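Survey of secondary and tertiary structure
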Amino acid sequence: QVQLVESGGGLVQAGGSLRLSCAVSGPTFSRYGMGWFRQAPGKEREFVAFVSWSDSTYYADFVKGRFTISRDIPKNTVYLQMSSLKPEDTAVYYCAADVSRRWSSSSRRKSDAFEYWGRGTQVTVSS
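In short, a report on the structure. These figures come from a predicted structure and were not determined experimentally. (Residues numbered from 1 in each chain as written. Predicted model: local features only at pLDDT ≥ 70, side-chain atom pairs only at ≥ 80, totals over all residues. Heavy atoms only, no water.)

So, the packing of aromatic side chains
- For the coordinates displayed, the defined rule picks out 10 aromatic pairs.
- Consider the rings of Phe37 and Phe47, whose centres lie 5.6 Å apart with planes at 70°: the pair is edge-to-face. Separated by 10 residues along the polypeptide, Phe37 in strand β4 (residues 33-39) and Phe47 in strand β5 (residues 46-51) bring together distant segments of the chain. Here Phe37 matches Phe47 in class, with each residue buried.
- Arranged with centres 6.0 Å apart and planes meeting at 70°, the rings of Phe50 and Phe114 form a pair that is edge-to-face. You can see Phe50 sitting in strand β5 and its partner Phe114 sitting in the loop between β9 (91-98) and β10 (116-117), a full 64 residues away along the chain.
- By relative accessible area, Phe50 is classed as buried at 4%. (Phe/Tyr/Trp six-rings, centres within 6.5 Å; stacked < 30°, edge-to-face > 60°. Helix = DSSP H or I, 4+ residues; strand = E, 2+ residues; numbered from the N terminus. Buried < 20%, exposed > 50% of the residue type's maximum accessible area, 1.4 Å probe, protein only.)

Some words on the state of the cysteines
- Taken as a whole, this structure holds one disulfide when the rule is applied.
- The residue that forms a disulfide with Cys22 is Cys95, at a sulfur-sulfur distance of 2.1 Å. Its S-S torsion of approximately -85° makes the covalent link between Cys22 and Cys95 left-handed. Here Cys22, found in strand β3 (residues 18-25), pairs with Cys95, found in strand β9; they are 73 residues apart in sequence, far enough to count as distant.
- Take Cys22: its relative accessible area is 0%, and that puts it in the buried class.
- The buried category is assigned to Cys95, whose relative accessible area is 0%. (Disulfide = S-S within 2.5 Å.)

A few points about the nonpolar core
- Core analysis: the largest hydrophobic core is formed by 36 residues, its most contacted members being Met34, Trp36, Val78, Leu80, Met82 and Tyr93.
- Listing elements by their share of this core, those giving two or more residues are β3, β4, β5, β7 (67-72), β8 (77-82), β9 and β11 (121-126).
- Those residues in contact with Val78, other than ones at most four positions away along the chain, are Leu20, Ser21, Cys22, Phe29, Met34, Trp36, Val51, Ile69, Ser70, Arg71 and Cys95. (Core = buried A, V, L, I, M, F, W, Y, C linked by side-chain atoms within 4.5 Å. Contact = heavy atoms within 4.5 Å.)

Brief notes about the side chain of Ser111
- With respect to the helices and strands, Ser111 occurs in the loop between β9 and β10.
- Apart from residues no more than four positions distant in its own chain, Ser111 is found in contact with Phe37, Arg45 and Trp117.

Shown next, in the form of structure tokens:
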């Protein structure tokens, strides 16, 4: 019912910037929150950023001040603007939709709130 397609990943040098996009198809994009997660090889998936249906935002501590999540409702697209990239930011980045609005900033496993996931886009940051 909800499909997500990420784009914008690529290779960038440390200190550089990238903007990831997530195109959303399905009903009522503006009525649920959207999140970004990432997963590096051999590592667990980790939370990056979230924007709620009311446009409030929440970030993982390690990206605050560097990454910004936003969305363009008329375009049905959510963005992750990434600046001051570090090699440790290298990962596959996934877009996810919290259609049932189960998000909680205090949840230990934030990924559990999201029913729909994109296939991911690779971000590689070189030294």
